[in-house]
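Chain by chain, the residues:
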Amino acid sequence: MKKWILFLAIAIAASLWIFVIQKKTERHFNSSSLTIQGNLVPSFGQGRSGRGIAAAMKVSGRTSLEVARNFVELHRAEWKLQSHHELVPEVYRSPLGSRVKFAIVQDGIPIIGLALEVRMNRNLEVVGFENEYKPLEKADLSSPTLSVSEVFQGASARLHLEPAPGSEDHVGKILFPVAGAPAPQLAYAVSMKDPEGKARLYQMVFRAADGQVLAKQQSRTELR
Amino acid sequence: MRRQRGHHIFVFFAAGLLLVLTGCGSDCKAPALNTQKLERIRRSLFSSGTEARLVIPNPIDALGDANADIADSRLSSVFDPFHLDGLVDPSRLGNEFLKIRIRDLNDNVSDLARASNGGFEFSLDDPHYAETMAYFGVQRMIRYVEALGFSVVKSRPLYVMVRAASEDPKEINAIYDHNYFNPQMPRTMRFMGDKTGVDLNMPDHEFGHLFNESVSREVGMDYAGDAGAIFTEGSALHECLADYLAMSVAGKRYIGRWLAKQIGGYQPGEPLRYAVDRDDGKSDFRKVSVNDGRGGNPERYTMAEWCDRVTLSIWAKIRERHPEEGAAISDRLVFSAVSLLKRDSSVRDFYEAMLSADEELHCGEFSEDIEHAFQSRGFNADPESLSRQLQLSAEPVAVDSGANSRSVGFQITIKNSSSQTARNVRVAVESDDLLLIPVVYMQGYGDIPGGRTLNIGGQGLGLDFSPTAEIDSRAPAGRAISYRLRLMTENGSDVFVEGKVTR
């Protein structure tokens with residue numbers, strides 16, 4: 001009789017354990033940002049998709065970078081990774097594990113907003129990924145562009161902004177996807193400021209072909 | 001006897017099986033913390049490196065006098081010696097990642113601080129003092145968070161300008177630029193004002209912004225705020241988390257006493273933000289998140305102060321239970337949660353991430369403390385669903401003027417006919433037409449109580465609270481271009497309004 005009671009106790013404990021593990025996994029993936037979102041982010045086509053993985057996945061590799069690279073290679077065909085896109089990794093470590101984010105680059109020029117991210121736990125098992133990649137066509141880098149000074153002139157006239165001090169020396173060339181366009185557009189990223197305002201800076205992205213504003217970001221200030 | 005022995009074997013086997021089963025669930029063991037090392041770093045007790053003499057954290061707190069200033073003669077007795085680690089050149093402030101400047105990126109190196117007599121020792125009114133404080137603060141923070149188990153993104157250098165150039169010579173401010181889009185630009189911190197850089201709070205807090213971006217994998221936890229939104233919950237989180245790190249490392253539950261004195265308008269000794277509950281309305285989420293519909297939009301710094309009180313109360317609870325390593329446990333927990341955040345994060349996202357991180361690191365040991373910290377301060381992670389859908393109407397309006405006018409904003413009306421409060425209301429502009437380019441793609445309006453109407457761009461909030469888009473210069477004149485406005489709330493379904501604008 002006592003043996004049966006003990007058997008029952010063990011069975012209950014095992015069931016409870018399985019239940020607790022399930023709940024942990026649910027909460028972990030629910031807050032792991034791996035959900036499909038709508039097209040809230042401008043110019044990035046159809047938005048992001050990501051996925052949790054039902055069970056931690058062993059992928060070969062001795063470091064998080066190796067594991068992430070191998071994981072991406074496993075999905076190369078499925079994700080339609082293009083041969084003209086290079087994947088440049090950045091590793092982010094935390095006590096929960098590591099994430100490797102791959103920026104997408106064409107001919108040395110970064111393409112904004114197309115990153116791939118692989119998440120690993122402390123045991124280097126893959127537990128999730130984020131896929132912002134789109135199989136965009138190769139951007140034509142030989143088409144005519146405005147000079148940086150022409151872009152600045154246009155911006156000054158229309159937006160009442162002027163180049164931030166030293167910004168002419170730090171003009172970034174980037175490729176910027178635009179919703180509906182098959183290839184990203186060559187753009188300049190430059191720092192500008194309000195000539196009559198305070199020290200807040202604006203990072204402006206201008207289409208290189210004609211100076212059209214494609215995006216804007218501003219400084220994070222402690223006081224207005 | 002044999003029967004008894006068999007019985008004992010069975011009991012031990014069953015007990016062992018039970019232990020194994022329950023033990024198998026314990027993959028939630030965080031790596032051990034080296035408390036002594038963390039404490040040495042936190043107190044900057046490095047044993048080698050060029051010496052610097054600093055008043056930590058600032059004259060007010062060092063002297064315990066709300067009226068203290070940089071010319072105070074008593075300061076000579078509160079300079080403390082520290083060793084600066086990580087210097088590439090022992091006579092110069094900087095290393096491969098961290099560069100200290102005075103006015104801007106292109107400062108002449110010969111104008112920058114140089115060690116003399118084996119150390120960096122300057123009076124507080126000398127810009128070289130602020131340079132020294134900046135290097136000390138940021139380098140210490142980097143070492144601390146790395147010792148906690150986090151990496152700091154160093155794909156580009158960080159430049160700190162301690163008396164940054166400004167059009168307004170009287171401007172007082174501290175500014176962080178992550179420079180997402182431009183790979184040619186470093187990350188920058190700029191302190192405006194001759195006395196701003198004297199305070200250790202400044203580099204500590206501003207480093208927090210870089211660290212937030214780093215830990216959250218540069219996913220854009222406040223992407224909309226970066227793009228120009230006046231209010232988002234992500235922006236409040238960004239400020240709160242930068243405060244949290246600075247306050248935790250300092251062991252203080254307030255921030256910005258020195259800066260508040262420089263700005264003026266504060267009581268003597270009053271800080272910019274308190275991380276203890278006070279009877280000022282900022283300990284109740286319902287008060288800091290509400291939009292009153294009459295021009296009173298929630299404010300990022302006010303919500304940040306609420307969040308400071310939540311996070312520091314969790315910190316205090318953990319320290320009660322673990323007096324020696326509680327601060328480090330809390331820091332690791334909070335920023336492990338940040339590592340789970342996504343683009344345009346909300347307070348609810350952060351709350352859920354805290355619980356998840358706690359589950360993974362501590363098997364949920366602090367879950368009740370986390371829930372209590374949020375809920376006792378008015379936050380409900382699961383508010384009642386709206387009984388009626390929000391109503392949205394909008395008309396496009398030109399934001400700029402003239403023949404080349406191409407920026408479009410919207411006059412928007414949002415009506416909440418439910419009896420419930422609509423949580424975290426946001427409006428985003430979208431388009432499937434490549435001739436319309438969202439720029440300030442989303443704006444946040446906080447919580448709209450039941451029965452209330454919010455107007456933007458007309459009466460109520462100004463047009464600068466509207467999302468905006470650019471009509472592409474390639475659009476032919478007269479071409480009708482489609483737009484879509486999406487109205488979002490956490491406890492209701494999305495509402496859409498579509499229309500066309502014409503160049």
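This structure is a prediction, so every number in the text was calculated from the model and none was measured. (Residues numbered from 1 in each chain as written. Chains lettered and ligands numbered in written order. Predicted model: local features only at pLDDT ≥ 70, side-chain atom pairs only at ≥ 80, totals over all residues. Heavy atoms only, no water.)

1. Observations concerning the overall build of chain A
And then number 1: When helices and strands are tallied, chain A shows four helices and eleven strands.
And then number 2: Sorting the 224 residues of chain A into buried and exposed places 53% on the buried side.
And then number 3: Within chain A, contacts between residues at least 6 apart in sequence are counted, and of these 51% link residues at least 24 apart.
And then number 4: Carbon together with sulfur atoms contributes 57% to the accessible area of chain A, which is approximately 10,500 Å² in total. (Helix = DSSP H or I, 4+ residues; strand = E, 2+ residues; numbered from the N terminus. Buried < 20%, exposed > 50% of the residue type's maximum accessible area, 1.4 Å probe, protein only. Contact = heavy atoms within 4.5 Å. Areas by Shrake-Rupley, 256 points an atom, 1.4 Å probe, with all protein chains shown as cover.)

2. A short note on the sheet that holds strand E17 (residues 480–489) of chain B
All names here are of chain B.
And then number 1: Strand order in the open sheet formed by four strands is E14-E12-E17-E18, with antiparallel pairing between adjacent strands. Either end of the sheet is taken by a strand with one partner, and the two such strands are strand E14 (442–448) and strand E18 (492–502). Here the average twist between neighbouring strands, direction ignored, is 20°.
And then number 2: Pairing of E17 with E18, which is carried by nine bridges, proceeds in the antiparallel orientation. Bridged to Arg486 within E18 is Phe496. (Pairing = 2+ DSSP bridges. Axes fitted to C-alpha atoms, helices over the stretch in contact; angles between N-to-C directions.)

3. What to know about the interface of chain A and chain B
And then number 1: Contact residues are listed per partner, giving 82 residues for chain A and 102 residues for chain B.
And then number 2: Carbon and sulfur atoms make up 54% of the area that chain A and chain B hide from each other, which totals about 7,700 Å².
And then number 3: Of the charged contacts in the structure, one is a salt bridge between Glu470 of chain B and Arg158 of chain A, with a shortest N-O distance of 2.6 Å.
And then number 4: Classifying every residue of the side of chain A that touches chain B gives 35 nonpolar, 22 polar and 25 charged.
And then number 5: Taken together, the two bridges between strand E11 (residues 220–221) of chain A and strand E6 (residues 173–177) of chain B define a ladder with antiparallel strand orientation. Across the sheet, the residue bridging to Thr221 of chain A is Ile175 of chain B, located in E6 of chain B. (Buried area = accessible area lost by both parts, 1.4 Å probe. Salt bridge = Lys/Arg side-chain N within 4 Å of Asp/Glu carboxyl O. Nonpolar A, V, L, I, M, F, W, Y, C, P; charged D, E, K, R; others polar.)

4. Focus on the side chain of Arg300 of chain B
And then number 1: One can find Arg300 of chain B in helix H10 (residues 300–321).
And then number 2: Despite its burial, Arg300 of chain B pairs with no opposite charge, the nearest such side chain being Glu239 of chain B at 5.0 Å.
And then number 3: The contacts of Arg300 of chain B, once residues within four sequence positions are left out, are Arg220 of chain A together with Ala229, Ile230, Phe231, Ser235 and Ala236 of chain B. (Lys, Arg positive; Asp, Glu negative; His and termini not counted.)

5. Digging into the sheet that holds strand E1 (residues 50–55) of chain B
Backbone hydrogen bonds hold the strands of a sheet together, and the pairing may be parallel or antiparallel.
All names here are of chain B.
And then number 1: Here we have three strands laid out as an open sheet, ordered E2-E1-E4, and mixed in their pairing. Either end of the sheet is taken by a strand with one partner, and the two such strands are strand E2 (79–84) and strand E4 (119–120).
And then number 2: Of the strands in this sheet, E1, E2 and E4 touch helix H4 (residues 127–148), which is tilted by about 105° from E1.

6. Thoughts on unusual backbone geometry
And then number 1: Look at the link from Ile56 of chain B to Pro57 of chain B: it is a cis peptide, with omega at -5°.
And then number 2: Mapped onto the elements, Pro57 of chain B comes out in the loop between E1 and helix H3 (59–63).
And then number 3: Residue Asp107 of chain A is not a glycine yet carries a positive backbone phi of 50°.

7. Focus: the nonpolar core
And then number 1: If you look at the biggest cluster of nonpolar residues, it comprises 109 residues, and the most contacted ones within it are Val160, Phe207, Phe350 and Phe374 of chain B.
And then number 2: It is H4 of chain B that contributes the most residues to this core, twelve residues altogether.
And then number 3: Not counting residues within four places of it along the chain, the set of residues in contact with Phe207 of chain B comprises Val138, Met141, Ile142, Val145, Val152, Met189 and Leu245 of chain B.
And then number 4: Ala68, Val151, Met192 and Phe206 of chain A belong to the second-largest nonpolar core, a separate cluster that totals 39 residues. (Core = buried A, V, L, I, M, F, W, Y, C linked by side-chain atoms within 4.5 Å.)

8. Remarks on the packing of aromatic side chains
Residue and element names in this part refer to chain B.
And then number 1: Applying the stated criterion across every chain yields a total of 21 aromatic pairs over all chains.
And then number 2: With a centroid separation of 6.1 Å and 70° between ring planes, the pair formed by Tyr180 and Tyr223 is classed as edge-to-face. Pair noted here: Tyr180 is in the loop between E6 and strand E7 (187–192) and Tyr223 is in helix H6 (residues 223–226), with a separation of 43 residues, a long-range link.
And then number 3: Judged by its relative accessible area of 8%, Tyr223 is buried.
And then number 4: Taken together through their ring pairs, the aromatic side chains of Phe285, Trp306, Phe350, Tyr351, Phe374 and Phe379 make up a single cluster.
And then number 5: Of note, Arg319 hangs over the ring of Trp315, and the distance from its end group to the ring centre comes to 4.3 Å. (Phe/Tyr/Trp six-rings, centres within 6.5 Å; stacked < 30°, edge-to-face > 60°. Lys NZ or Arg CZ within 6 Å of the ring centre and 35° of its normal.)

9. A few points about the pairing of strand E13 (residues 436–440) of chain B
Residues and elements named next belong to chain B.
And then number 1: Burial analysis of E13 places five of its five residues in the buried class, which makes it a mostly covered element.
And then number 2: Strand direction decides the pairing type here: E13 and strand E16 (residues 468–471), joined by four bridges, are antiparallel. Counted as the bridge partner of Leu436 is Ile471 from E16.

10. A look at H10 of chain B
And then number 1: When the terminal C-alpha atoms of H10 of chain B are compared, their 32 Å separation across 22 residues agrees well with the 32 Å that a helix rising 1.5 Å per residue should span.
And then number 2: Regarding H10 of chain B, its N-cap is Glu299 of chain B, as a side-chain oxygen of that residue lies 3.1 Å from the backbone nitrogen of Tyr301 of chain B further along. (Expected span 1.5 Å × (residues − 1). Polar contact = N/O pair within 3.5 Å; in protein donor to acceptor, adjacent residues only side chain to side chain.)

11. Concerning the environment of Val397 of chain B
And then number 1: Mapping Val397 of chain B onto the fold places it in strand E10 (residues 391–398).
And then number 2: When residues no more than four places from it in sequence are discounted, the contact partners of Val397 of chain B are Ser407, Val408, Gly409, Phe410, Gln411 and Leu463 of chain B.

12. A look at the packing of helix H5 (residues 201–215) of chain B against helix H7 (residues 233–250) of chain B
Packed helices, taken two at a time, are described by the angle between their axes plus the distance between the axes.
Residue and element names in this part refer to chain B.
And then number 1: Two elements in contact, H5 and H7, have axes whose closest approach is 8 Å; the angle formed by their N-to-C orientations is 120°. One way to sum up the angle between H5 and H7 is to call them oblique. For H5 against H7, the interelement crossing comes out right-handed. Mapping the contact onto sequence places Asp204, His205, Phe207, Gly208, His209, Phe211, Asn212 and Glu213 in H5 and His238, Glu239, Leu241, Ala242, Asp243, Leu245 and Ala246 in H7.
And then number 2: When its residues are assigned to classes, the contact of H5 with H7 shows six nonpolar, five polar and four charged. (Parallel < 35°, antiparallel > 145°, perpendicular 65-115°, else oblique. Left-handed = near helix turned anticlockwise from the far one by under 90°.)

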